[in-house]
Amino acid sequence: MSLSFESRPAYLPYREAFDQTGRLWDDAPAWVAARREEAWNRFSAVGFPSPRDEEWKYTPTSAIEQTAFRPAPETLLVLRQVEPFIPFGFSGPVAVFVNGRLQPALSRLGGLPEGATLVGLHSALALWPEELEPNLMRLAADEDNPFAALNGALAEDGAYLRLRQGIELDQPVLLLHLTAGNHVPVMAHLRHLVVAEAGSRVTLLARQASLGDGVHFVDTLTEVAVGEGAAVDYLKLQEESPRAYPLAQLRARVEKDGRFSSRIFSFGGQLAREDVHVELAGSGASCQLDGLYLADGHQHTDTHTRIDHRVPATSSRQTYKGIVAGRARAVFKGRVLVERDAQQADARQANHNLLLSPEAEIDTTPQLEIYADDVKCSHGATVGQLDEKQVFYLRSRGLDDAAARAALTYAFAAGAMEGAIPCVREAVAATLLERLPGGELAREFFHEF
Amino acid sequence: MSDSVQQVEQLVGQEYRWGFVSPVEADTVPKGLDEDVIRLISAKKQEPDFLLQWRLDAYRHWLGLAEPHWSSAHYAPIDYQDIIYYSAPKTQDRPKSLDEVDPELLRTYDKLGIPLKEQELLAGVAVDAVFDSVSVATTFKAQLKKLGIIFCSFSEAVREHPDLVRQYLGSVVPPGDNFFATLNSAVFSDGSFVYVPKGVRCPMELSTYFRINARATGQFERTLIVADEGATVSYLEGCTAPMRDEHQLHAAVVELVALEGATIKYSTVQNWYPGDKEGKGGIYNFVTKRGDCRGANSKISWTQVETGSAITWKYPSVILRGDNSVGEFYSVALANHFQQADTGTKMVHIGRNTRSTILSKGISAGHGSNAYRGLVKVLKSAHGARNYTQCDSLLMGDRCAAHTFPVIEVKNPAAGVEHEASTSKIGEDQLFYCKQRGIAEEDAVSMIVNGFCKEVFKELPMEFAVEAQKLLQVSLEGAIG
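Quick caveat, the model's predicted, so the values are computed rather than measured.

Parameters and conventions
- Residues take numbers from 1 onward in each chain, read along the sequence in its written order.
- As they are written, the chains are lettered A onward and the ligands numbered 1 onward, keeping that order.
- Owing to the predicted nature of the model, reporting of local features is limited to residues with pLDDT of at least 70; listing and counting of side-chain atom pairs is limited to 80 or more, with chain, interface and lining totals taken over all residues.
- With hydrogens and water excluded, all non-hydrogen atoms of the structure serve as input to the side-chain values.
- Only DSSP runs of H or I reaching four residues or more are called helices, and only runs of E reaching two or more are called strands; each is numbered from the N terminus.
- A 1.4 Å probe rolled over the protein chains alone gives each residue an accessible area, and that area as a share of the maximum for its type sets the label: buried under 20%, exposed over 50%, partly exposed in between.
- Here, residues are in contact when the closest pair of their heavy atoms is within 4.5 Å.
- We get accessible surface area from the Shrake-Rupley algorithm with a probe of 1.4 Å; when it comes to residues, only the shown protein chains can shield them.
- Marked domain ranges trace back to an automatic or database domain assignment.
- Accessible area, probed at 1.4 Å, shrinks when two parts are joined; the buried area is that loss added up over both.
- Each polar contact in these results corresponds to two N or O atoms within 3.5 Å; when the atoms are within protein, one needs to be able to donate a hydrogen and the other to accept it, and residues that are neighboring in sequence are counted only if both atoms are side-chain atoms.
- Each residue receives one of three labels: charged for Asp, Glu, Lys and Arg, nonpolar for Ala, Val, Leu, Ile, Met, Phe, Trp, Tyr, Cys and Pro, and polar for the others, Gly being one of them.
- Between the rings of Phe, Tyr and Trp (Trp by its six-membered ring), a pair exists once the centres lie within 6.5 Å; its type follows the angle of the planes, with under 30 degrees stacked, over 60 edge-to-face, and the other angles tilted.
- Space inside and on the surface of the protein is sampled on a 1 Å grid over the protein atoms alone, with a cavity defined as a set of points where a 1.4 Å probe fits but cannot get out and a pocket as an open set with protein on both sides within 12 Å along at least 5 of 7 lines; lining residues have an atom within 4 Å of a point.
- Grid points are joined across faces, edges and corners, and a volume is the space filled by probe spheres set on the points.
- We call a set of buried Ala, Val, Leu, Ile, Met, Phe, Trp, Tyr and Cys residues a nonpolar core when their side-chain atoms join them within 4.5 Å.
- Every case where a carboxyl oxygen of Asp or Glu lies within 4 Å of a side-chain nitrogen of Lys or Arg is listed as a salt bridge.
- Any two strands with at least two DSSP-identified bridges between them are counted as paired.
- Axes, fitted as lines to C-alpha atoms, cover a helix only where it is in contact. Angles between the N-to-C directions of the axes lie from 0 to 180 degrees.
- For any helix crossing, the convention is left-handed if the near helix is rotated counterclockwise from the far helix by under a right angle, and right-handed if that rotation is clockwise.
- Any angle from 65 to 115 degrees is called roughly perpendicular, while one under 35 is roughly parallel, one over 145 is roughly antiparallel, and all others are oblique.
- Only a pair of cysteine sulfur atoms within 2.5 Å qualifies as a disulfide here.

A few points about the overall build of chain B
Within chain B one finds 12 helices and 24 strands. For chain B, buried positions account for 64% of its 481 residues. Restricting the contact set of chain B to residue pairs at least 6 apart, pairs at least 24 apart contribute 83%. Of the accessible surface of chain B, which amounts to about 18000 Å², a share of 51% is contributed by carbon and sulfur atoms.

Some details on the domain arrangement of chain A
All names here are of chain A. Taken domain by domain, chain A consists of domain 1 (5-282) and domain 2 (391-449). For the domain 1 and domain 2 pair, buried surface summed over both sides reaches about 940 Å², with 73% attributable to carbon and sulfur atoms. Across the contact surface, domain 1 and domain 2 share four residue pairs in polar contact (both at pLDDT 80 or more). Every element with two or more residues in the side of domain 1 that touches domain 2 is listed here: β8 (201-211), β10 (231-239) and β12 (259-266). The element that contributes the greatest number of residues to the side of domain 1 that touches domain 2 is β10, accounting for three residues. Its residues placed into classes, the side of domain 1 that touches domain 2 shows nine nonpolar, no polar and three charged.

Points about the packing of aromatic side chains
For any two aromatic rings, the description comes down to two numbers: the centre-to-centre distance and the angle of the planes. This structure, assessed with the given rule, holds 37 aromatic pairs over all chains. Ring centres of A:Trp56 and A:Phe147 lie 5.3 Å apart, and the angle between their planes is 55°; this geometry places the pair in the tilted category. With a gap of 91 residues between them, A:Trp56 in the loop between α2 (30-46) and α3 (62-66) and A:Phe147 in helix α7 (residues 146-154) connect regions that are remote in the sequence. By the burial criterion, A:Trp56 is buried, and A:Phe147 matches it. Between B:Trp54 and B:Phe188 the ring centres are 6.3 Å apart and the planes differ by 80°, which places this aromatic pair in the edge-to-face class.

Digging into the layout of surface pockets
There is about 1400 Å³ of room inside the largest pocket. If you trace the largest pocket, you find 42 residues lining it, with A:Glu54, B:Trp70, B:Tyr315, B:Lys346 and B:Arg373 closest to the centre. Of all the secondary-structure elements, those providing two or more residues to the lining of the largest pocket are β15 (300-309), β17 (329-338) and β19 (361-370) of chain A together with α9 (179-187), β13 (282-293), β21 (369-378) and β23 (401-410) of chain B. The class makeup of the residues in the lining of the largest pocket is 17 nonpolar, 10 polar and 15 charged.

With respect to the nonpolar core
Counting 100 residues, the largest nonpolar core has A:Leu161, A:Phe260, A:Val278, B:Leu206 and B:Val233 as the members making the most contacts within it. Excluding its chain neighbours within four sequence positions, the residues that come into contact with B:Val233 are B:Val194, B:Val196, B:Cys202, B:Leu206, B:Ile225, B:Ala227, B:Thr263, B:Ile264 and B:Lys265. Membership of the second largest hydrophobic core comes to 49 residues, among which are A:Val82, A:Phe85, A:Val94 and A:Ala413.

A look at the pattern of salt bridges
Pairs can form between side chains of opposite charge once their charged atoms are near each other. All names here are of chain A. This structure, assessed with the given rule, holds 59 salt bridges over all chains. A salt bridge links arginine 164 to glutamate 197; its shortest N-O distance comes to 2.9 Å. Of this pair, arginine 164 sits in the loop between β5 (159-163) and β6 (173-180) while glutamate 197 sits in the loop between β7 (186-196) and β8; the two residues are 33 residues apart in sequence, bridging distant segments of the chain. Accessibility expressed as a relative area gives 24% for glutamate 197, which makes it partly exposed. Linking aspartate 296 and arginine 435 is a salt bridge whose minimum nitrogen-to-oxygen distance equals 3.3 Å.

Things to note about the interface of chain B and chain A
At the interface, 33 residues of chain B touch 36 residues of chain A. Buried area between chain B and chain A, summed over both chains or domains, comes out near 2700 Å², and the portion from carbon and sulfur atoms is 47%. Between chain B and chain A we count three salt bridges in total. The shortest N-O distance in the salt bridge between B:Lys380 and A:Glu359 comes to 3.5 Å. Remark: the boundary between chain B and chain A carries 17 residue pairs in polar contact (both at pLDDT 80 or more). Every element with two or more residues in the side of chain B that touches chain A is listed here: β22 (386-396), β23 and β24 (416-425) of chain B. Across eight bridges, strand β20 (residues 376-384) of chain A lies against β24(B) in antiparallel orientation. In the strand pairing of β24(B), A:Thr382 is matched with B:Glu418.

Focus: unusual backbone geometry
Positive phi, close to 60°, is recorded for B:Asn297, a residue that is not glycine. With respect to the secondary-structure elements, B:Asn297 resides in the loop between β13 and β14 (299-306).

Here we look at α7(A)
Residues and elements named next belong to chain A. For α7, the buried fraction is high: nine of the nine residues fall into the buried class. What α7 keeps buried is the set Pro146, Phe147, Ala148, Ala149, Leu150, Asn151, Gly152, Ala153 and Leu154. Packed against the buried residues of α7 are α1 (11-22), α2, β7, β9 (216-226) and β11 (245-254). Measuring from the side-chain oxygen of the N-cap residue of α7 to the backbone nitrogen of phenylalanine 147 gives 2.9 Å; that N-cap residue is asparagine 145.

Some remarks on the packing of helix α11 (residues 441-457) of chain B against helix α12 (residues 462-475) of chain B
Residues and elements named next belong to chain B. Their axes nearest at 10 Å, the elements α11 and α12 cross at an angle of 145°. The handedness of the crossing between α11 and α12 comes out as right-handed. Along its contact with α11, which presents Ser446, Val449, Asn450, Cys453 and Phe457, the element α12 presents Ala465, Ala468, Gln469, Leu472 and Gln473. For the contact of α11 with α12, the per-class residue count stands at six nonpolar, four polar and no charged.

Brief notes about the packing of α2(A) against α7(A)
Any two packed helices are characterised by how steeply their axes cross, that is the angle between the axes, and by the distance between the axes. Residues and elements named next belong to chain A. In contact at an axis separation of 7 Å, α2 and α7 are set at 140° when each is read in the N-to-C sense. Taken together, the axes of α2 and α7 are oblique relative to one another. Of the two elements, α2 crosses α7, and the hand of that crossing is left-handed. Judged by residue contacts, Arg36, Ala39, Trp40, Arg42, Phe43 and Val46 of α2 engage Pro146, Ala149, Leu150, Gly152 and Ala153 from α7. A class-by-class count of the residues in the contact of α2 with α7 yields eight nonpolar, one polar and two charged.

Brief notes about the pairing of β24(B)
The sheet contact formed by β22(B) and β24(B) spans 10 bridges and is parallel. Bridging across to β24(B), B:Arg386 finds its partner in B:Gly416.

Comments concerning the state of the cysteines
Here, the word disulfide means a covalent bond between the sulfur atoms of two cysteines. In total, this model carries zero disulfides over all chains according to the counting rule given. Free of any disulfide, B:Cys152 has its nearest neighbouring cysteine sulfur in B:Cys202, separated by 13 Å.

As for the side chain of A:Arg162
All names here are of chain A. Take arginine 162: it is sitting in strand β5. One polar contact links arginine 162 to glutamate 131, side chain to side chain, over a distance of 2.5 Å. If near-sequence neighbours (up to four positions away) are discounted, arginine 162 is found in contact with Gly115, Ala116, Thr117, Trp128, Glu131, Val195 and Glu197.

Observations regarding the pairing of strand β13 (residues 271-280) of chain A
Regular strands have side chains that alternate between both faces of the sheet. Residue and element names in this part refer to chain A. Most of β13 is tucked away: 10 of the 10 residues are buried. With burial as the criterion, each face of β13 is covered, one bearing Leu271, Arg273, Asp275, His277 and Glu279 and the other bearing Ala272, Glu274, Val276, Val278 and Leu280. Sheet topology note: the β11/β13 ladder contains eight bridges and is parallel. Residue pairing for β13: alanine 252 is matched across the bridge by valine 278. Judged from the 10 bridges that link them, β13 and β15 form a sheet pairing that is parallel. When the bridges of β15 are listed, aspartate 275 appears paired with histidine 304.

Dropping the structure here:
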């Protein structure tokens, strides 16, 4: 068998990083240190996933392991550098993180109605430690993903968003994370906690991008507790540089009659992975997970979803779309688990992929695991290409080949944008049309842009 | 009404009908496995040296392999030294006609519902019956011989057509393919061999009936079917085993080779002993089945009805190498009581414009667990490849489980792959409708299940389709209520 992680070259830098980040948490309650220690022990016991690990079969992480990442240095930015990443016209609360640390001066944390709080994790721990204790690093404690453990051990900072009972936020909350660094490979670990108490409602917008084109590894973990009858909508836009390694995990627990939705646009990174795991823990709980991934060049993008229907009368919907071109590779694995006695589960999943190049590859694995009998579950997966008849039709209307293909590809993706808040939709549309060959011409064709 | 009640009672009273032991004297080798046992098997079968070496190479390779455990099946460890690897009914010489066959054996087949004589006369089906490890009698051989079709036991093929065997044996499932296939390569006892020459359409369905009889024997048969250019053949395989408490291992290998323009249709009704209601006993059915569409425009079609075995673990696959070749997989798998079925297929698209269709129907009842596990792989060379997959699961009872694990890997942008799966409970409204029309619940269930499986049954040859429906009905009894 392979060497234990402790004896591998990658071990030491991570161990040093663990000790170094430990200092950031000196003021935190003792249980934080205990949980970090526990997470570190878990990570160092298994190390990076091996290709034999079924969950990582198509996504080798050896490139991350073999790069000597150092914890990203604290970097101060000016507002001008951050502004381009705040969607035009966005006036809601913003928490800006740079290299894994909160930048209060660039953020807009105040101005929330009473009963709603957005603060950095460190302040939250100082103010309300007993309030965080049941959830922080607990919701995702059972994740067997090694990067969940790594995040638990190395997280430097994060946001804490809490909504008291019945509080409804009309404006979305933006969590922005930027990684800056050009010369040495750096890494940042971020951990957010969202607690939506009974009957509350909030829309979260997470955006992450790179400043410069340095090699960096960003590991984000977001824990979301959706209380009884609460509703949390999570939107994410991942636009890291093509040399970045963004890995993210989203873990939500939904109580009775609660509703959780996520919509993830994954566009950047040379190796990007999104793990979404939702636990439907109360009857009447529901979730909707959607996403769009776009990969070209040498990109590798991976999406893993898992939904646990744990109690009777829960429902879930998933629609993921993928566009893969160049020499890129896209991986999708969606697992739906219906536990014993979780009757009346209603689960639907769809994964549609557009394979645009002979060098590209798509691997998709939808999974249904069902231990109850009174259920309605289905999944569908397709891999295909553009309809040549439609391309011909558009060309007969005067578009050139590239523009026709861009227009059709855009139309394929458009479904994933519908219903997203307008500023996100515009940002996504712009990125798509910029990345697709012929996109400029297609944009003219669509007039509205 | 009272008729149907009686029928239900009769059905409910019906246990595994095929659980009898035939008191036939058997020629067995001692328990356990080492090189000497393999040499002994090979010697008993008077095999040429190349085959002995082939077996020994496989055995040596097997020693270095670990038993796989990635399936969702749970079972107690298998002691490979506690298995008798060879058991043959003792007969003085090979019988020349059915009249010379041990009457006890023939009675066994009668009980199984395949009276050889009757079949020879009426059904027009050529049966190569495998009784434990040696092929007992092969019917209709003369008729087939006229067309140049070789249909005989594997041992006979080794003796009489060594070149053909040598050319094709292990060419689809190499001896080192996987743990159980390697074990089979080392110890396989007998099986069927079919060769259909160029341009010949086999005029009748070929059929083998496998049956495990002697206690503590494993059945390691090996089937090889070769359809030469433009040939067509349809092959049926049915299996039953006596009722016993301990588990028995069945590790078979089936290899199909379709050359240019050839068509092979392979149908299985698998009804090995599934164990009793408490999950005691039953066959471990760990089988490697693979077809190779070697030539352009060839076609391989698998149809299976899996109602038996404590654990079924098999994935009949097709390698679509030839351009325009076609692969099909139609399956009904039933898991009742404590049965576990982990089955599915692999379609590997290599040639241009290759097409595959997968239709899988899983039924879980009682504590049964049913998993579809499949792979559709489109390689870069498979321009214009198409696949359509549909997997449906039907659930009966709140302690059963149904899983779907399809894997799709596509490397060609001109390929189209579609996968659909659904899992649902047996329709309450359909049941209600039937009951409201005076149809007893058991009958209604059986009717709905048959409807659910219809698309697969219609791929089966007629006599098999009828048997499959009956089997399903019997296997499902007690699943409702």
